[in-house]
Amino acid sequence: MDGTSREVGLKGSVGLDRHGFRRLGAEHWNLSVPLLYEHAVRRGEGEIAAGGAFVALTGVHTGRTPRDKFIVADAGTEREVDWNAINQRVSPEVFESLKLRMLANFQGREAFVTDCFAGADPEYRLSVRFVSDSAWHSLFARNMFLRPAPAELKAFQPDFTIIHLPYFEATPALDKLNSEVFILVNFTERLVLIGGTRYAGEIKKSVFGLLNFLLPPRDVLPMHGSVNVGPKGDSAVFFGLSGTGKTTLSADGTRTLVGDDEHGWSRKGLFNFEGGCYAKVIRLSPEAEPEIYATVGRFGTVLENVVLDPTTRVPNLDDDSLTENTRACYPIDFIPNVSLTGVAGHPANVIMLTADAFGVLPPIARLTPDQAAYHFLSGYTARVAGTERGLGNAPQATFSTCFGAPFMPRHPSVYAKLLGERIRQHKTACWLVNTGWSGGAYGVGQRMKIEHTRMLVRAALDGKLKDVATKRDPFFGLNVPQACPGVPAGVLNPRDTWSDKPAYDDTARELTKRFEKNFERFASHVSRDIASAGVHAA
């Protein structure tokens with residue numbers, strides 16, 4: 001290493017000079033949690049809450065900015081990426097210019113290096129190096145990904161490197177980008193550049209995007225979903241976007257949590273991509289979500305945009321003055337009854353979660369394999385306020401294919417084909433669960449009671465709905481169970497919950513039209529059976 005930079009911590013065999021870093025002020029390698037706390041406090045990056053969590057504010061960017069994510073278009077990606085409004089092209093020249101300016105900006109600065117793994121199955125594991133000038137973002141990465149043992153750190157060889165400068169901004173006119181924020185991925189150089197935003201979710205999702213591109217050619221389905229395992233070893237996958245309940249429903253004390261957000265489904269079974277959780281905590285309830293609530297008061301947890309009492313520093317989880325998208329990032333073993341291996345067998349059940357802002361979908365319905373493929377491609381839900389910049393306060397109906405369109409570089413049919421093959425091969429039962437509204441649309445109806453949703457999901461996973469009589473929904477063609485232990489019968493059929501029945505019919509018809517319109521883009525990529533099993537305008 002040229003220059004006079006000071007190195008501390010457990011350094012791997014590959015230095016930062018390989019990535020182009022020069023004349024750094026100091027290099028902090030794979031520091032422990034207490035040391036990262038000390039540096040973050042020393043540097044004024046945040047404060048410590050009562051109970052010991054570290055609290056950081058992210059400024060104007062309190063959610064992801066999908067319009068600022070780009071993939072370098074070159075020979076390795078041109079025909080592989082599904083280029084669209086989300087998967088945007090950037091030239092190698094723009095990438096190189098920003099990389100060189102970031103490396104120049106790092107000169108004289110401290111660099112915090114976190115070497116980690118993504119993927120609990122060693123066969124499909126990705127070695128990721130995270131380099132930032134921010135101690136708290138390094139703590140976030142340490143919590144979020146899998147932490148190598150000391151012997152593994154000494155021999156660490158990064159497959160990909162993330163260069164992160166939260167205060168370094170692009171020049172949109174010069175760089176031909178949409179704003180000062182940028183998340184650029186170069187699969188050929190195996191580099192990711194993140195700048196202009198302090199929101200830590202961009203770090204987590206950039207790694208997810210890498211795996212979503214790299215794993216399908218290896219016959220692995222990457223999934224935006226959580227996984228847990230029952231006492232009999234039966235595993236379940238929960239698909240869903242932010243705010244639909246993946247984290248809450250998978251953190252069930254009666255089952256073992258494998259992971260709360262991102263997994264792969266290989267020929268061997270399921271495996272977690274991560275070593276931590278990134279849970280929404282706005283208005284978190286100690287009664288409804290005790291496992292997650294307990295993490296808020298623990299040393300090592302990172303709280304993002306959570307407001308503290310100025311005197312006691314007690315977190316106020318009901319305060320949304322900064323954002324609705326308040327977050328807690330913590331190691332997965334902060335949750336009791338968690339799998340330390342991060343792997344599980346093939347799922348007996350797949351749950352597709354949707355937060356229906358129209359309030360017309362049933363709270364649970366059993367899906368045929370063709371219906372499962374249809375709803376996986378549709379990815380209907382409501383984007384919840386705060387998870388992306390510019391959404392405002394009200395949820396907005398949206399279709400996010402594969403329940404994760406912003407993170408899927410390949411064409412959706414690639415992921416849907418893998419899902420269909422896995423479901424049929426392992427005879428996996430599939431369910432659509434609405435955690436959204438009932439009794440009316442958003443603003444009129446009420447959000448589904450979490451206790452009812454828990455009862456419905458547990459009944460499905462325990463096999464208690466297998467032989468229950470179902471009723472076919474006339475608008476969406478879904479088979480709706482007519483009884484469930486612990487759930488009032490009047491809750492199961494959405495039309496019955498509306499006082500204004502004609503208004504329900506009109507709203508349901510409108511939503512069927514949206515489903516049909518959205519699916520037009522997939523018609524040429526699916527079988528006739530999948531297309532027939534879908535929702536058609538009433």
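All figures in this text were calculated on a predicted structure; none of them were measured in a lab.

**Some remarks on the overall build of the protein chain**
Summing up its helical and strand segments, the protein chain has 15 helices and 31 strands in all. Taken over the C-alpha trace, the protein chain has a radius of gyration of 23 Å; the compact-globule value for 538 residues is 24 Å, and the two agree within 12%. Counting only C-alpha atoms, the protein chain reaches 75 × 55 × 45 Å along its principal axes. Evaluated residue by residue, the protein chain yields a buried proportion of 62% over its 538 residues. Once local pairs closer than 6 in sequence are excluded, the contacts in the protein chain between residues at least 24 apart make up 71%. Carbon together with sulfur atoms contributes 51% to the accessible area of the protein chain, which is approximately 20300 Å² in total.

**Considering the pattern of salt bridges**
Within this structure, the stated rule accounts for 31 salt bridges. Between Asp121 and Lys268 there is a salt bridge, with the nearest N and O atoms lying 2.8 Å from each other. Pair noted here: Asp121 is in the loop between strand S7 (110–118) and strand S8 (126–132) and Lys268 is in the loop between strand S15 (262–265) and strand S16 (270–272), with a separation of 147 residues, a long-range link. On the basis of relative accessibility, which here comes to 9%, the residue Asp121 falls in the buried class. A relative accessible area of 44% means that Lys268 is categorised as partly exposed. Ionic pairing is found between Lys204 and Asp261, a salt bridge with its closest N-O pair at 2.7 Å. On the criterion of sequence distance, the pair formed by Lys204 in helix H6 (residues 201–214) and Asp261 in the loop between strand S14 (256–259) and S15 is long-range, its members being 57 residues apart. The class of Lys204 is buried, set by a relative accessible area of 3%. Each of the salt bridges in this network shares a partner with another, and the network as a whole consists of Lys204, Lys205, Lys246, Asp261, Glu262 and Glu274.

**Details of the sheet that holds strand S10 (residues 182–186)**
Reading across the sheet, the nine strands line up as S1-S2-S7-S8-S9-S11-S10-S5-S6 and stay open at both edges, with mixed pairing between neighbours. Two strands bound the open sheet, and with one partner strand each, they are strand S1 (6–9) and strand S6 (88–90). Ignoring strand direction, the axes of neighbouring strands in this sheet form an average angle of 20 degrees.

**Observations regarding helix H14 (residues 501–519)**
With 19 residues, H14 extends 27 Å between its outermost C-alpha atoms, agreeing within 8% with the 27 Å of an ideal straight helix rising 1.5 Å per residue. Inspection of H14 places Tyr504, Asp505, Thr507, Ala508, Leu511, Thr512, Phe515, Asn518 and Phe519 among the buried residues, and these make up the whole buried set. The buried residues of H14 occupy an angular sector of 170 degrees when the element is viewed end-on, so they sit on one face. Turned more than 90 degrees off the buried face of H14, the exposed positions are Pro502 and Lys517.

**Re the environment of Val229**
By the element assignment, Val229 lies in strand S12 (residues 221–229). When the C-alpha positions of Val229 and Glu289 are compared, they lie 18 Å apart, and in sequence the two are 60 residues distant. Once residues lying within four places of it in the same chain are set aside, the contact partners of Val229 are Asp234, Ser235, Arg255, Thr256, Val258 and Ala344.

**What to know about the nonpolar core**
One finds Phe239, Met352, Phe376 and Phe476 to be the most contacted residues of the largest nonpolar core, which totals 101 residues. Sequence-distant contacts of Phe476, defined by excluding residues within four places in its chain, comprise Val360, Leu361, Ala508, Leu511, Thr512, Phe515 and Val535. By size, the runner-up hydrophobic cluster in this structure holds 25 residues, among which are Phe21, Val72, Phe95 and Phe106.

**Brief notes about the environment of Arg454**
Within the secondary structure, Arg454 is located in helix H11 (residues 450–461). The spatial distance from the C-alpha of Arg454 to the C-alpha of Thr248 is 9.4 Å, given a sequence separation of 206 residues. Among all residues touching Arg454, those that are not within four sequence positions of it are Thr248, Leu249, Ala251, Asp252, Ala288 and Glu289. Of the polar contacts made by the side chain of Arg454, one reaches the backbone oxygen of Ala288; its length is 3.0 Å.

**Section: the sheet that holds strand S3 (residues 47–48)**
Reading across the sheet, the five strands line up as S3-S4-S18-S21-S17 and stay open at both edges, with mixed pairing between neighbours. The outermost strands of the open sheet, each flanked by one partner alone, are S3 and strand S17 (276–280). With three bridges joining them, strand S18 (residues 302–304) and strand S21 (residues 327–331) adopt antiparallel strand pairing. In the sheet register, Val302 faces S21, and the bridge partner there is Cys329.

**Here's the deal with the environment of Asn212**
Assignment of secondary structure puts Asn212 in helix H6. Taking the relative accessible area as the measure of exposure, Asn212 reaches 0% and is therefore buried.

**Quick word on the packing of helix H3 (residues 135–144) against H6**
The contact between H3 and H6 brings their axes to 10 Å, and the two run at 45 degrees. In terms of orientation, H3 and H6 fall into the oblique class. H3 and H6 meet at a crossing whose hand is right-handed. Residues His137, Phe140 and Met144 of H3 pack against Gly201, Ile203 and Lys204 of H6. In terms of residue class, the contact of H3 with H6 is built from three nonpolar, two polar and one charged.

Thresholds applied
- Residues numbered from 1 in each chain as written.
- Predicted model: local features only at pLDDT ≥ 70, side-chain atom pairs only at ≥ 80, totals over all residues.
- Heavy atoms only, no water.
- Helix = DSSP H or I, 4+ residues; strand = E, 2+ residues; numbered from the N terminus.
- Rg over C-alpha atoms; globule rule 2.2 N^0.38 Å.
- Buried < 20%, exposed > 50% of the residue type's maximum accessible area, 1.4 Å probe, protein only.
- Contact = heavy atoms within 4.5 Å.
- Areas by Shrake-Rupley, 256 points an atom, 1.4 Å probe, with all protein chains shown as cover.
- Salt bridge = Lys/Arg side-chain N within 4 Å of Asp/Glu carboxyl O.
- Pairing = 2+ DSSP bridges.
- Axes fitted to C-alpha atoms, helices over the stretch in contact; angles between N-to-C directions.
- Expected span 1.5 Å × (residues − 1).
- Arc of directions from axis to C-beta.
- Core = buried A, V, L, I, M, F, W, Y, C linked by side-chain atoms within 4.5 Å.
- Polar contact = N/O pair within 3.5 Å; in protein donor to acceptor, adjacent residues only side chain to side chain.
- Parallel < 35°, antiparallel > 145°, perpendicular 65-115°, else oblique.
- Left-handed = near helix turned anticlockwise from the far one by under 90°.
- Nonpolar A, V, L, I, M, F, W, Y, C, P; charged D, E, K, R; others polar.

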